[in-house]
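So the chains spell out like this:
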There are 2 protein chains.
Amino acid sequence: RSRSDDQVAIRVDLVEFTPPLTEFLGRAAYVQLMLFENLSRALSTAPSTAAKAAIGPAVELAISKHRALADEITRAGGSIATAMDPYTAEVDLFERSTQGADWYETLMTCYLTAGFLDDLFARLGAGLPAESSARIVAIYHSGTAEPMLGQQLQSAIEANPRLASRLAMWGRRLVGDTLLLARASLTWGENHRSDEERAEPVFTELIAAHTRRMDRLGLTA
Amino acid sequence: RSRSDDQVAIRVDLVEFTPPLTEFLGRAAYVQLMLFENLSRALSTAPSTAAKAAIGPAVELAISKHRALADEITRAGGSIATAMDPYTAEVDLFERSTQGADWYETLMTCYLTAGFLDDLFARLGAGLPAESSARIVAIYHSGTAEPMLGQQLQSAIEANPRLASRLAMWGRRLVGDTLLLARASLTWGENHRSDEERAEPVFTELIAAHTRRMDRLGLTA
């Protein structure tokens, strides 16, 4: 069997942990806005015009995903700001703690967190009511900037090999913060312990994907 | 005659001052990237989720205009970064000097400069070679975030009338910086004095439009 068969075979779903539509969309839209803010900061502070030009499409993709999620809030009869408001504190805290000390760390944050959170919300989205689920999951499959961001980071590391250990450390720190945000995005039942056991394989998969992202840069997770 | 007839009647063109295609596109794409950076900073630093949500579509429009201009560079056989590079110094200087001291001033910069520069580049774009001119001018007519940004500023001034005099002063300062950038975007001939005379009516119109933008906020230009 090919490796991708294995990945499909072990794919565990999160649908029993999916929050109600309004909660899902409010958090998802605000998380996506935060991902956009990180990318736009990476663009603004990029050290070269070439890096700015390369990050442009990633920024456009991020804001268009946010708009698609915001449109879903409107379609469900909600107000975009009211739906997002309950989640600003937890997401702003994540944004601050993952900001990074310089452009390279910011870019690393963008590279590592976008795919992780896309994957998480796509899995949770599969548990939404049938009339909106497929449309919302499709937003998360509408494209990824990961290869392009990874390429920028690889070039940076090649040009300055001393970056590698710093970015490896930063990547290890990011996974902790991202897991916290991911856990807060699930609706937990009353039997927390058995919920944890059932959710664990998903977090294992999300962490494995994180490790592959680090591998691609030649870094140890 | 209606007011809009008058406006059409006095419209002066700038086609004799249009730079060669590559120069035009390089500067225009980098200016548009700067306008995006200002808007994304306004979004990131917005004082409320409602303001963030309102600015989202403006940000998306700005980055999509940039991408359309970048695509034109590629179509003309150029490299996006190489085309933009000669203009980074003058545009970065403009960005720094028009950044503003807080969110309200940043938003004012976005509101006042985007329409001004769209108008300038649409007029210059009319002088480009026929095979690309209409397509490039259409990018500048693809939408405007001005009414929405103006509404945010009006609400802010209503909520805090003391903002009015500060923003009026900021608006008066911005017009000077924006005119400098506009002048640098024209290709001047050898007879600078007669060029100045012929371009003057255009700058008069651009300033009149600036005055109307200030009027709409109840501010004196």
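As the structure is a computational prediction, the values presented were derived from the model and not from experiment.

Here we come to the overall build of chain A. Within chain A one finds ten helices and zero strands. Seen in sequence order, chain A has helices and strands lined up from the N terminus as α-α-α-α-α-α-α-α-α-α. Over its C-alpha trace chain A gives a radius of gyration of 17 Å, about what one expects of a compact globule, namely 17 Å for 221 residues. If one aligns the C-alpha atoms of chain A with their principal axes, the spans along those axes are about 50 × 40 × 30 Å. Residues counted as buried form 52% of the 221 residues belonging to chain A. Residue pairs at least 24 apart in sequence account for 82% of intrachain contacts in chain A once pairs closer than 6 positions are excluded. In the structure as shown, chain A presents an accessible area of about 9,800 Å², 54% of it carried by carbon and sulfur atoms. Across chain A, the 22 positively charged side chains and the 28 negatively charged ones have centroids separated by 5 Å.

Once that is clear, we can look at the relation of the copies chain B and chain A. Superposition of chain B onto chain A requires a rotation of 180 degrees combined with a translation of 0.0 Å along the rotation axis, giving an RMSD of 0.0 Å. Expressed as a symmetry operation, the mapping of one chain copy onto the other fits a two-fold axis. The share of interface residues of chain B whose copies in chain A are also at the interface is 100%, consistent with both copies meeting through the same surface.

Here the focus is the side chain of A:Thr109. Residue and element names in this part refer to chain A. Residue position: Thr-109 is located in helix α6 (residues 103–125). The buried category is assigned to Thr-109, whose relative accessible area is 0%. Setting aside anything within four residues of it in sequence, one finds Thr-109 in contact with Asn-38, Thr-98, Ala-114, Trp-170 and Leu-174.

Okay, the packing of aromatic side chains next. Counting across every chain of the model gives nine aromatic pairs over all chains. For the ring pair A:Trp103 and A:Tyr104, a centre distance of 5.2 Å and an interplane angle of 75 degrees mean the geometry is edge-to-face. Where B:Phe121 meets B:Tyr140, the ring centres are 6.1 Å apart and the plane angle is 15 degrees; that geometry is what we call stacked. One end of the pair, B:Phe121, is in helix α6 (residues 103–125); the other, B:Tyr140, is in helix α7 (residues 130–140), and 19 residues separate them in sequence. For the pair B:Phe121 and B:Tyr140, a shared accessibility class is recorded, and that class is buried. Joined through ring pairs, the aromatic side chains of A:Phe24, A:Phe121 and A:Tyr140 make up one cluster. One cation-aromatic arrangement involves A:Arg183 over A:Phe203; the distance from NZ or CZ to the ring centre is 4.6 Å.

Moving on to the environment of A:Phe116. Residue and element names in this part refer to chain A. Looking at where Phe-116 falls in the secondary structure, it is placed in helix α6. According to the relative accessible area criterion, Phe-116 is buried, its value standing at 2%. Distance in space between the C-alpha atoms of Phe-116 and Ala-182 is 8.9 Å, their sequence separation being 66 residues. If sequence neighbours within four positions are ignored, Phe-116 has contacts with Thr-178, Leu-179, Ala-182, Leu-206, Ile-207, His-210 and Arg-213.

Moving on: the nonpolar core. Among the nonpolar cores identified, the biggest contains 138 residues, and A:Met108 and B:Met108 are the most heavily contacted of them. Beyond its immediate chain neighbours, meaning those up to four positions away, B:Met108 contacts B:Leu153, B:Leu167, B:Trp170, B:Gly171, B:Leu174, B:Met214, B:Leu217 and B:Leu219.

To continue, consider the packing of α6(A) against helix α7 (residues 130–140) of chain A. All names here are of chain A. Across the interface, α6 lies against α7 with an axial gap of 9 Å and an inter-helix angle of 170 degrees. What the angle tells us is that α6 and α7 run roughly antiparallel. Contact with α6, carried on its side by Asp-118, Phe-121, Ala-122 and Gly-125, involves Ser-133, Val-137 and Tyr-140 of α7 and no other residues of that element. Split into classes, the residues belonging to the contact of α6 with α7 amount to four nonpolar, two polar and one charged.

Turning to helix α9 (residues 163–184) of chain A, a few remarks are in order. Residue and element names in this part refer to chain A. Compared with an ideal rise of 1.5 Å per residue, which puts 22 residues at 32 Å, α9 spans 32 Å between its outermost C-alpha atoms and is within 8% of the ideal. Residues of α9 that are buried include every one of Leu-163, Leu-167, Ala-168, Trp-170, Gly-171, Leu-174, Val-175, Asp-177, Thr-178, Leu-179, Leu-181 and Ala-182, and no others. The inward-facing, buried residues of α9 abut α2 (21–44), α5 (88–97), α6, α8 (146–159) and α10 (192–216).

Attention now moves to the confidence of the model for chain A. All names here are of chain A. The predicted model of chain A has a mean per-residue pLDDT of 93, with 95% of residues at 70 or higher. Helix α1 (residues 3–10) is the least confidently modelled element of chain A, averaging 44 in pLDDT, while helix α4 (residues 80–84) averages 98, the highest of any element. Reported confidence for the predicted complex is 0.86 by ipTM and 0.90 by pTM.

The partner chain A presents 22 residues to the 22 residues of chain B that form the contact. Approximately 1,800 Å² of surface area, both sides summed, lies buried where chain B meets chain A, with 66% of it carried by carbon and sulfur atoms. Its salt-bridge partner being A:Glu37, residue B:Lys52 comes within 2.6 Å of it at the nearest N-O pair. In this assembly, chain B and chain A are joined by six residue pairs in polar contact (both at pLDDT 80 or more).

Taken as a whole and assessed by the stated rule, the structure comprises 36 salt bridges over all chains. B:Arg67 is the salt-bridge partner of B:Asp71, the closest N and O atoms lying 3.6 Å from each other. Here B:Arg67 and B:Asp71 lie together in helix α3 (residues 49–75), a separation of four residues that amounts to about one turn. Beyond isolated ion pairs, a larger network of salt bridges with shared partners links A:Glu16, A:Asp195 and A:Arg198.

Rules used in this analysis
- Residues numbered from 1 in each chain as written.
- Chains lettered and ligands numbered in written order.
- Predicted model: local features only at pLDDT ≥ 70, side-chain atom pairs only at ≥ 80, totals over all residues.
- Heavy atoms only, no water.
- Helix = DSSP H or I, 4+ residues; strand = E, 2+ residues; numbered from the N terminus.
- Rg over C-alpha atoms; globule rule 2.2 N^0.38 Å.
- Buried < 20%, exposed > 50% of the residue type's maximum accessible area, 1.4 Å probe, protein only.
- Contact = heavy atoms within 4.5 Å.
- Areas by Shrake-Rupley, 256 points an atom, 1.4 Å probe, with all protein chains shown as cover.
- Lys, Arg positive; Asp, Glu negative; His and termini not counted.
- Charge placed at Lys NZ, Arg CZ, Asp CG, Glu CD.
- Least-squares fit on C-alpha atoms with pLDDT ≥ 70 in both.
- Phe/Tyr/Trp six-rings, centres within 6.5 Å; stacked < 30°, edge-to-face > 60°.
- Lys NZ or Arg CZ within 6 Å of the ring centre and 35° of its normal.
- Core = buried A, V, L, I, M, F, W, Y, C linked by side-chain atoms within 4.5 Å.
- Axes fitted to C-alpha atoms, helices over the stretch in contact; angles between N-to-C directions.
- Parallel < 35°, antiparallel > 145°, perpendicular 65-115°, else oblique.
- Nonpolar A, V, L, I, M, F, W, Y, C, P; charged D, E, K, R; others polar.
- Expected span 1.5 Å × (residues − 1).
- pLDDT = per-residue confidence, 0-100.
- Buried area = accessible area lost by both parts, 1.4 Å probe.
- Salt bridge = Lys/Arg side-chain N within 4 Å of Asp/Glu carboxyl O.
- Polar contact = N/O pair within 3.5 Å; in protein donor to acceptor, adjacent residues only side chain to side chain.

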